[in-house]
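What follows is the residue order along each chain.
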Amino acid sequence: MNQAARTPSPPFWLRWLIPLVLVVGWVAIAGTGGPTFGRLDEVSSNDQASFLPAGAEATEAREWQQKFQDSGEVPAVVVIESASALTPAQLGTAAALKAKLEDLRLGSAVVGPVPSQDRQAVQYIVSVAAAEPAAAVEDLRSEVGAAAPDGTQTFVTGPAGLAADLTGAFAGIDGILLLVALAAVFVILLVVYRSLLLPFAVLLTSVFALCAAILLVFGMAKAGWIQLNGQSQGILSILVIGAATDYALLYVARFREALGHTANRTAAALTAWRASFAPILASGATVAIALLCLLFSDLNSNKALGPVAAAGIVCSLFAALTLLPAFAALLGRAAFWPFRPRLLPEESREPELDTGLEGQRGLWRAVGTLVSRRPRTVWVASALLLVVASAGILQLKANGVPQTAVILSASNAVDGQDALARHFDAGSGSPVVIVASQGKDGDVLETVKATDGVGAAYLLAEGSVPITGTPGTPAGPGTPSGPAMRDGRVLLNATLDYAADSDAAENAVAAMRESVKRVDPDALVGGVTATALDTNTTAQRDLATIIPVVLAVILLILMVLLRSVLAPVLLVASVVLSYAAAMGVSALVFSNILGFPGADATVPLFGFVFLVALGVDYNIFLMSRVREESLKHGTRPGILRGLGVTGGVITSAGVVLAATFAALGVIPIMFLVQLAFIVAFGVLLDTVLVRSLLVPALAYDLGRRIWWPGKLAGRDAQEAGRVDVAAEAAVR
């Protein structure tokens, strides 16, 4: 106590001025970024183009299709369905609906009514503005619902209806998502710290980091540097809250430890900052760079998420290293009230270590004892358990899901697709789009008609009017004289006998592409089915491209941080095995418990990037402390000491991150629900099994060889007592 009392007090500018300036600066950022949260919709789009594969044939076909649709419209399919055959009176009422739909003036054309062969349904195809289909679909549903014949039910589906319902699934969800995540984090922090003030300091750090991220993302989107969509927005909020809280927990653990060594709150805050700076910086850099590797993807949705999420991580990093230390310097021990940490007696501050378990008690002493007594048994058993769990990955069907399965909440458009399938050609409303060269359109048309699974095919005239006659024959009265042409190209549509989002439809499109290109090598085949096919193909290619890049980046960062080759290789191998186990268990849950028909093609890649990058985070927290303790006490005691002092904080961080990602489950989109489960379960698995047992036991079994080829690997165990500054500098 006397020693602490004689410690010189830091100057006023360090004790008060700098912390206050940092807090005021972050308050200003939050004051600007908070209101911007509500403006993200101005620069966000859930248009199909924001998710398409950038260089795929379907995307190129879509661009040509837009040249023919000068008004920039997409079709909405109106379906009126009856449980029995429609009566003449009902058919008359349905026919009269056309004039009312035209009066809405939502687009350039209203086609219909088209009765089904079983006379139980009627459909209209209404062109609506592609930029904002949600408002048009809402008007359609209101008008159709009011004017439809009695005894019928109505739906508005097709590309416009599905897009509107997808937008609706994201509408207003950001606020709910944020509240759920913050509430979960707050409860966990209360349990962990048993403090009333500290959870608010940590949450403010996370929220202010999110405000800064929103400002940064809004600016980048406004400048046209990135594409922002509802999917990226939801992940951004969760990622920033989880990552900032994790970094804050690591700093707080160091701060609490430092308060046991000094009575001066500013000195403790600075000591904690110096001790946590390297692991937090390495962790943030690992995750941010791994996310930026998504820029190598050919899928626009992946490219969009990379810089958005990386910006969030950078803001989390800065908040944890500036705002939280400022709070700590200002609050001191009061932050932990009512359980304030006490100043330790000088002789207890750096305990002499023999085994590394000295001074530990409870759960982490028991874990350390298990690791030290049977290290090989522990790591082998842990690895085998992960391998067994990985076997479930064979059941993962990540080749895309039907459009009707994407939205998990009640959807009029999804119900409408089912109604279409009951009464019309399964591909009705989502035709295959073929762009053919002028002069070869007749041959292309005949080839398309001859393709297995094609119910009908026709050329399109101006205004997207079908040409039902034979190419080259004289046009009859009222019949378009010829197909529309743009830059030497003509447009065709083909209706499939299969649902547009089925495997059979994808096979038909693949066969059509092969046969069409024999007669017209420049022809393009697009549409809903082709887009799904190209997305799946691109996603598989992205896996093979991005995964090696992410692993190489993480490996290099770990080598720089740990000054070793063997340790980083083993750490990366452990998180890859953990990822495989998480995907295996997730596949079993999706198929056998949740009853999902499959998974989005991008789920494995997103799961990999998040789980591997975030899993390495916890290994960075652990092994950076193990290296620090190994310099003082030797490798094996250092491993047990590092495990004991980081066990609680890393487990808490894992629970926080799992809880925040689980909050994504409130968004009724299958992709996000699946990602929420994969990351939440994977983080818990990594925290509880990999970081607590597998990695420490493997490192303990290897001993100082774990640091090969670094200098620490060559130090004799007897030298590994206390290390003075000069010796530490020589090792570094």
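What counts, and at which threshold
Residues numbered from 1 in each chain as written. Predicted model: local features only at pLDDT ≥ 70, side-chain atom pairs only at ≥ 80, totals over all residues. Heavy atoms only, no water. Helix = DSSP H or I, 4+ residues; strand = E, 2+ residues; numbered from the N terminus. Buried < 20%, exposed > 50% of the residue type's maximum accessible area, 1.4 Å probe, protein only. Contact = heavy atoms within 4.5 Å. Pairing = 2+ DSSP bridges. Phe/Tyr/Trp six-rings, centres within 6.5 Å; stacked < 30°, edge-to-face > 60°. Axes fitted to C-alpha atoms, helices over the stretch in contact; angles between N-to-C directions. Bend = angle between axes of the 7 residues up to and from the residue. Parallel < 35°, antiparallel > 145°, perpendicular 65-115°, else oblique. Left-handed = near helix turned anticlockwise from the far one by under 90°. Nonpolar A, V, L, I, M, F, W, Y, C, P; charged D, E, K, R; others polar. pLDDT = per-residue confidence, 0-100. Patch = residues over 30% accessible without salt bridge, like charges linked within 9 Å, V, L, I, M, F, W, Y side chains within 5 Å. Areas by Shrake-Rupley, 256 points an atom, 1.4 Å probe, with all protein chains shown as cover. Salt bridge = Lys/Arg side-chain N within 4 Å of Asp/Glu carboxyl O. Core = buried A, V, L, I, M, F, W, Y, C linked by side-chain atoms within 4.5 Å. Expected span 1.5 Å × (residues − 1).

A. Seen up close, the overall build of the protein chain. Counting its secondary structure elements, the protein chain contains 23 helices and 10 strands. Taken across its 732 residues, the protein chain has 55% of its residues classed as buried. Long-range pairs, those at least 24 residues apart, make up 82% of the contacts in the protein chain between residues at least 6 apart in sequence.

B. Just the pairing of strand β2 (residues 110-115), in detail. Pairing of β2 with strand β3 (residues 121-129), which is carried by four bridges, proceeds in the antiparallel orientation. When the bridges of β3 are listed, Val114 appears paired with Gln123. Connecting β2 to the next strand, β3, in antiparallel fashion are five residues, including Arg119 with a positive phi near 60°.

C. Molecular detail of the packing of aromatic side chains. Under the defined criterion, the tally for this structure stands at 11 aromatic pairs. Taking the centre distance of 4.9 Å and the plane angle of 35° together, the rings of Trp273 and Phe277 count as tilted. Highlighted residues: Trp273 and Phe277, both in helix α10 (residues 265-292), separated by four residues, approximately one helical turn. Among the residues examined, Phe277 registers a relative accessible area of 31% and is labelled partly exposed. Through a chain of ring-to-ring contacts, the aromatic side chains of Phe590, Phe596, Phe677 and Phe681 assemble into a single cluster.

D. View of the sheet that holds β2. A sheet is described by the order of its strands in space; here four strands give the open sequence β2-β3-β1-β4, paired in antiparallel fashion. One side of each edge strand has no neighbouring strand; the edge strands of this open sheet are β2 and β4 (152-157). Within the sheet, the average angular offset between the axes of one strand and its neighbour, ignoring direction, is 15°. The pairing of strand β1 (residues 73-82) with β3 spans nine bridges and is classified as antiparallel. In the strand pairing of β3, Ala76 is matched with Val126. Strands β1, β3 and β4 of the sheet are contacted by helix α5 (residues 133-147), whose axis makes an angle of about 165° with β4. In the packing of helix α15 (residues 412-423) onto the sheet, the strands contacted are β1, β3 and β4, and the crossing angle to β4 comes to about 110°.

E. Broad picture of helix α21 (residues 635-662). Along its length, α21 reaches its greatest deviation from straightness, about 50°, at Gly647. Of all 28 residues in α21, 21 are buried, a share of seventy percent or more.

F. Region of the structure containing the packing of helix α19 (residues 566-592) against helix α20 (residues 603-633). Where α19 meets α20, the closest approach of the two axes is 9 Å, and the angle between their N-to-C directions is 135°. With respect to α20, the element α19 is oriented oblique. Considering the relative orientation of α19 and α20, their crossing is right-handed. Residues Leu571, Ser574, Val575, Tyr579, Ala582 and Met583 of α19 pack against Val603, Pro604, Gly607, Phe608, Leu611, Val612, Gly615, Val616, Asn619 and Met623 of α20. Considering only residue class, the contact of α19 with α20 consists of 12 nonpolar, four polar and no charged.

G. Up close: the confidence of the model for the protein chain. Considering every residue of the protein chain, the mean pLDDT works out to 83; 89% of them sit at 70 or more. Ranking the helices and strands of the protein chain by mean pLDDT puts helix α13 (residues 375-390) first, with 95, and helix α23 (residues 725-731) last, with 34. Segment residues 716-732: pLDDT under 50, and 25 contacts once partners within four positions in sequence are set aside and those in other chains are kept.

H. Representation of unusual backbone geometry within the structure. In the segment running from Trp337 into Pro338, the intervening peptide bond is cis, with an omega of 10°. Along the chain, Pro338 turns up in the loop between α11 (300-331) and α12 (363-373). Cis geometry is found at the peptide bond from Trp708 to Pro709, where omega equals 0°. Locating Pro709 in the fold gives a position in the loop between α22 (670-702) and α23. Within the chain, Arg194 stands out as a residue other than glycine whose phi angle is a positive 50°. Relative to the elements of secondary structure, Arg194 occurs in the loop between α7 (173-193) and α8 (198-222). Given the relative accessible area of 52%, Arg194 is considered exposed. Of note in the backbone geometry, Asp487 takes a positive phi value of approximately 55° without being a glycine. Mapped onto the secondary structure, Asp487 falls in the loop between β8 (485-486) and β9 (489-496).

I. Geometry of a nonpolar patch on the surface. Nonpolar side chains collect at one region of the surface, where Ile176, Val180 and Val666 lie side by side and expose about 210 Å² of accessible area between them. Mapped onto the elements, Val180 comes out in helix α7. For Val180, a relative accessible area of 34% translates into the label partly exposed.

J. Fine view of the packing of α10 against α20. Across the interface, α10 lies against α20 with an axial gap of 9 Å and an inter-helix angle of 165°. Relative to α20, the element α10 lies roughly antiparallel. In the packing of α10 onto α20, the handedness of the crossing is right-handed. On α20, the residues touching Pro279, Ala282, Ser283, Thr286, Val287, Ala290 and Leu291 of α10 are Val609, Phe610, Ala613, Leu614, Val616, Asp617, Ile620, Phe621 and Ser624.

K. Focus on the nonpolar core. Among the nonpolar cores identified, the biggest contains 167 residues, and Phe255, Leu291, Phe610 and Phe661 are the most heavily contacted of them. In this structure Phe255 touches Arg265, Ala268, Ala269, Ala272, Ala328, Gly332 and Phe336, once residues within four positions along its chain are discounted. Ala494, Ala505, Met512 and Ala523 belong to the second largest nonpolar core, which has 25 residues in total.

L. Inspection of the side chain of Gln674 at higher detail. Counting through the fold element by element, Gln674 comes out in helix α22. When near neighbours in sequence (up to four residues on either side) are disregarded, Gln674 contacts Phe590, Phe596, Gly598, Ala599, Asp600 and Val603.

M. Representation of the pairing of strand β10 (residues 524-527). Judged by which residues are buried, β10 turns out to be covered on both faces: Leu524 and Gly526 on one side and Val525 and Gly527 on the other are all buried. In this structure, strand β5 (residues 432-437) lies alongside β10, joined through four bridges in antiparallel fashion. Bridge pairing in β10 places Val435 opposite Leu524.

N. Looking closely at the pattern of salt bridges. Evaluation of the coordinates by the stated rule reveals 14 salt bridges. A salt bridge links Arg513 to Glu57; the nearest nitrogen and oxygen atoms lie 3.5 Å apart. With Arg513 in helix α17 (residues 503-519) and Glu57 in helix α3 (residues 57-68), this residue pair connects regions lying 456 residues apart in the sequence. Glu57 shares its class with Arg513; the two are buried. Of the charged contacts, one joins Glu57 and Lys517 as a salt bridge, the two residues approaching to 3.6 Å between their closest N and O atoms. Note that Glu57 is positioned in helix α3 and Lys517 in helix α17, a separation of 460 residues in sequence. Accessibility expressed as a relative area gives 18% for Glu57, which makes it buried.

O. The environment of Leu562, seen in detail. Mapped onto the secondary structure, Leu562 falls in helix α18 (residues 528-562). Look at Leu562 and you get buried, because its relative accessible area is 2%. Sequence-wise, Leu562 and Gly710 are 148 residues apart; in three dimensions their C-alpha atoms are separated by 8.7 Å. With near-sequence residues (within four places) excluded, Leu562 lies in contact with Ala567, Leu571, Met623, Ser624, Arg627 and Trp707.

P. Summary view of α8. Taking 1.5 Å as the rise per residue, α8 with 25 residues should run 36 Å; its terminal C-alpha atoms sit 36 Å apart, in good agreement. The buried fraction of α8 is high, at 18 of 25 residues. One or two positions beyond α8, positive phi appears at Gly224, with a value near 80°.

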